[in-house]
Amino acid sequence: MINITLLDGHTTNPGDLSWSPLEALGHLTIYDRTPPGQVLERAAGADILLTNKTVLDETILSQLPRLRFISVMATGYNVVDVEAARSLGIAVSNVVGYAANSVAQRVFSLLLELADRPAAHSADVAAGGWQSSPDWSYTLMPTMELAGKTLGIYGFGQIGQRVADIALAFGMEVVACHKHPERDARPGVRFVSFEEMMAQSDAVTFHAPLTGANSGIVNSATLAMMKPTAFLINTGRGGLVVEADLKNALDAGTIAGAGLDVLSQEPPAQGNVLIGAKNCLITPHNAWATREARQRLLWESAENVRAFLDGKQRNKIG
């Protein structure tokens, strides 16, 4: 029987889903989490490995002669040394698109909180602010109507496109910075340079994979291009942002606020400069993790394994 090992299953399924789609394909061993020092021991008997964030580098892969296939339970696959896997004859796949709706939803959860401040007003009402108000209505801080504002989208894949759909439904103007504007052109979206996007937008949202070319693309120089009333949303990768520069921009009022679901180190180190920063909302990299998205991720991962066992490969990397 084929041995299938999942090295870090807890984030995908903390207990509210069934592993049966994978269990039907072989002998399945699931670990909630795998510390770096136990990866080799746990992976040693596997024909197929599934990983979300557990790193499989060349040192590990070279010691797994039985391993034939890795399915990454995520869209980003930088946890696997794909070149080393290829040289060792190990196929690698990932899962794309499973969380587009969920991540786009979080983008607007963060943007609406920054623009409309319902949580702050609700907390003030709970603290007695409305009962003691001399007026029937009051506002703690300025709020913003999204209709007519410009949303900039960096990276226009499945998530970026879904964000654009929602922005257009709100009556926003949409500009995007994207590698393939001709391929992904659509009505209502205008493609511009990165600098134009930063300068023109009332909010900018990031949805591109992290590469050597765009690491730290949000920095003191590019933040200075933004309107002082603008918001920055990042549900992509924490490494896109120079965190100290963003904190300084928030403190100085260079931009009006930020909403982040990702940081450069996860979990963050104690003393991360953005935790508690002025007008900075942070959620713990869980925009992807609705039950519906996690169910799709599990199903798609099982289909990757099934296809490989049938002599095919879907969602191939490399």
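Shown above is the structure to which this text applies.
The present account deals with the structure reproduced in this document. (Residues numbered from 1 in each chain as written. Predicted model: local features only at pLDDT ≥ 70, side-chain atom pairs only at ≥ 80, totals over all residues. Heavy atoms only, no water.)

## Re the overall build of the chain
At step 1: Scanning the chain for helices and strands turns up 11 helices and 12 strands.
At step 2: Relative to the globule expectation of 20 Å for 318 residues, the C-alpha radius of gyration of the chain, 22 Å, shows essentially globular dimensions.
At step 3: Across its three principal directions, the C-alpha atoms of the chain cover 70 × 45 × 35 Å.
At step 4: Counting the 318 residues in the chain, one finds 47% classified as buried.
At step 5: Summed over all atoms, the accessible surface of the chain reaches about 15,000 Å², with 52% contributed by carbon and sulfur.
At step 6: Looking at the chain, you have 25 positive and 31 negative side-chain charges, and the mean spots of the two groups are 5 Å apart. (Helix = DSSP H or I, 4+ residues; strand = E, 2+ residues; numbered from the N terminus. Rg over C-alpha atoms; globule rule 2.2 N^0.38 Å. Buried < 20%, exposed > 50% of the residue type's maximum accessible area, 1.4 Å probe, protein only. Areas by Shrake-Rupley, 256 points an atom, 1.4 Å probe, with all protein chains shown as cover. Lys, Arg positive; Asp, Glu negative; His and termini not counted. Charge placed at Lys NZ, Arg CZ, Asp CG, Glu CD.)

## Notes on the sheet that holds strand β8 (residues 189-191)
At step 1: Ordered by their spatial adjacency, seven strands build an open sheet running β8-β7-β6-β9-β10-β11-β12, and the pairing between neighbours is parallel. Bordering the open sheet on either side are β8 and β12 (280-282), each of which pairs with just one other strand. Put simply, the sheet's adjacent strands are angled 15 degrees from each other on average, direction ignored.
At step 2: The pairing of strand β10 (residues 231-234) with strand β11 (residues 257-260) spans four bridges and is parallel. (Pairing = 2+ DSSP bridges. Axes fitted to C-alpha atoms, helices over the stretch in contact; angles between N-to-C directions.)

## Side note on the pairing of β11
At step 1: Neither face of β11 is exposed, since Gly257 and Gly259 on one face and Ala258 and Leu260 on the opposite face are all buried.
At step 2: Sheet analysis places β11 next to β12, joined by three bridges and oriented parallel. Residue pairing across strands places glycine 259 opposite leucine 281, the latter belonging to β12.

## Looking at the packing of helix α5 (residues 100-116) against helix α7 (residues 158-169)
At step 1: For the pair α5 and α7, interaxial distance at closest approach is 9 Å and the crossing angle is 50 degrees. Compared by their axis directions, α5 and α7 come out oblique. Crossing of α5 against α7: the hand is right-handed. Contacts between α5 and α7 involve Ala100, Asn101, Val103, Ala104, Val107 and Phe108 from the former and Gln158, Ile159, Arg162, Val163, Ile166 and Ala167 from the latter.
At step 2: Classifying every residue of the contact of α5 with α7 gives nine nonpolar, two polar and one charged. (Parallel < 35°, antiparallel > 145°, perpendicular 65-115°, else oblique. Left-handed = near helix turned anticlockwise from the far one by under 90°. Contact = heavy atoms within 4.5 Å. Nonpolar A, V, L, I, M, F, W, Y, C, P; charged D, E, K, R; others polar.)

## Details of the nonpolar core
Proteins that are soluble and globular tend to have nonpolar side chains buried together.
At step 1: Formed by 28 residues in total, the largest nonpolar core has its most connected members in Met197, Phe206 and Leu246.
At step 2: Looking at this core, the elements with two or more residues in it are β7 (173-177), α8 (194-200), β9 (203-206), α10 (243-252) and β11.
At step 3: Beyond its immediate sequence surroundings of up to four residues, phenylalanine 206 is in contact with Tyr154, Phe194, Met198, Ile217, Val218, Leu232, Ile233, Asn234, Thr235, Gly236 and Leu240.
At step 4: Counting 24 residues, the second largest nonpolar core, distinct from the first, contains Leu6, Phe69, Val95 and Ala293. (Core = buried A, V, L, I, M, F, W, Y, C linked by side-chain atoms within 4.5 Å.)

## A closer look at the packing of aromatic side chains
At step 1: As enumerated under the stated definition, the model contains five aromatic pairs in all.
At step 2: A ring pair is formed by phenylalanine 69 and phenylalanine 308, whose centres lie 4.5 Å apart and whose planes are at 5 degrees; its orientation type is stacked. You can see phenylalanine 69 sitting in strand β4 (residues 69-72) and its partner phenylalanine 308 sitting in helix α11 (residues 291-309), a full 239 residues away along the chain. The burial state of phenylalanine 69 is the same as that of phenylalanine 308; both residues are buried.
At step 3: Centre to centre, the rings of tyrosine 154 and phenylalanine 194 are 5.5 Å apart; their planes meet at 75 degrees, and the pair counts as edge-to-face. Taken together, the residues tyrosine 154 in strand β6 (residues 150-154) and phenylalanine 194 in helix α8 connect sequence positions 40 residues apart. Considered together, tyrosine 154 and phenylalanine 194 belong to a single accessibility category, that of buried residues. (Phe/Tyr/Trp six-rings, centres within 6.5 Å; stacked < 30°, edge-to-face > 60°.)

## Some thoughts on the pairing of β9
Two faces, one strand: in a regular strand the side chains alternate between the faces of the sheet.
At step 1: Of the two faces of β9, the one carrying Ala203 and Thr205 and the one carrying Val204 and Phe206 are both buried.
At step 2: Alignment of β9 against β10, held across four bridges, turns out to be parallel. Across the sheet, phenylalanine 206 pairs through a bridge with asparagine 234, a residue of β10.

## Considering the pattern of salt bridges
Working definition: two side chains of opposite charge can pair if their charged atoms are close together.
At step 1: Throughout the structure, instances matching the rule amount to 11 salt bridges.
At step 2: Taking the shortest distance from any N to any O, the salt bridge between aspartate 165 and arginine 186 comes out at 2.5 Å. One end of the pair, aspartate 165, is in helix α7; the other, arginine 186, is in the loop between β7 and β8, with 21 residues separating them in the sequence.
At step 3: Aspartate 251 is paired through a salt bridge with lysine 247; the nearest N and O atoms lie 2.6 Å apart. With aspartate 251 and lysine 247 both in helix α10 and four residues apart, the pair spans about one turn of that helix.
At step 4: Residue lysine 247 is classed as partly exposed on the basis of its relative accessible area of 26%. (Salt bridge = Lys/Arg side-chain N within 4 Å of Asp/Glu carboxyl O.)

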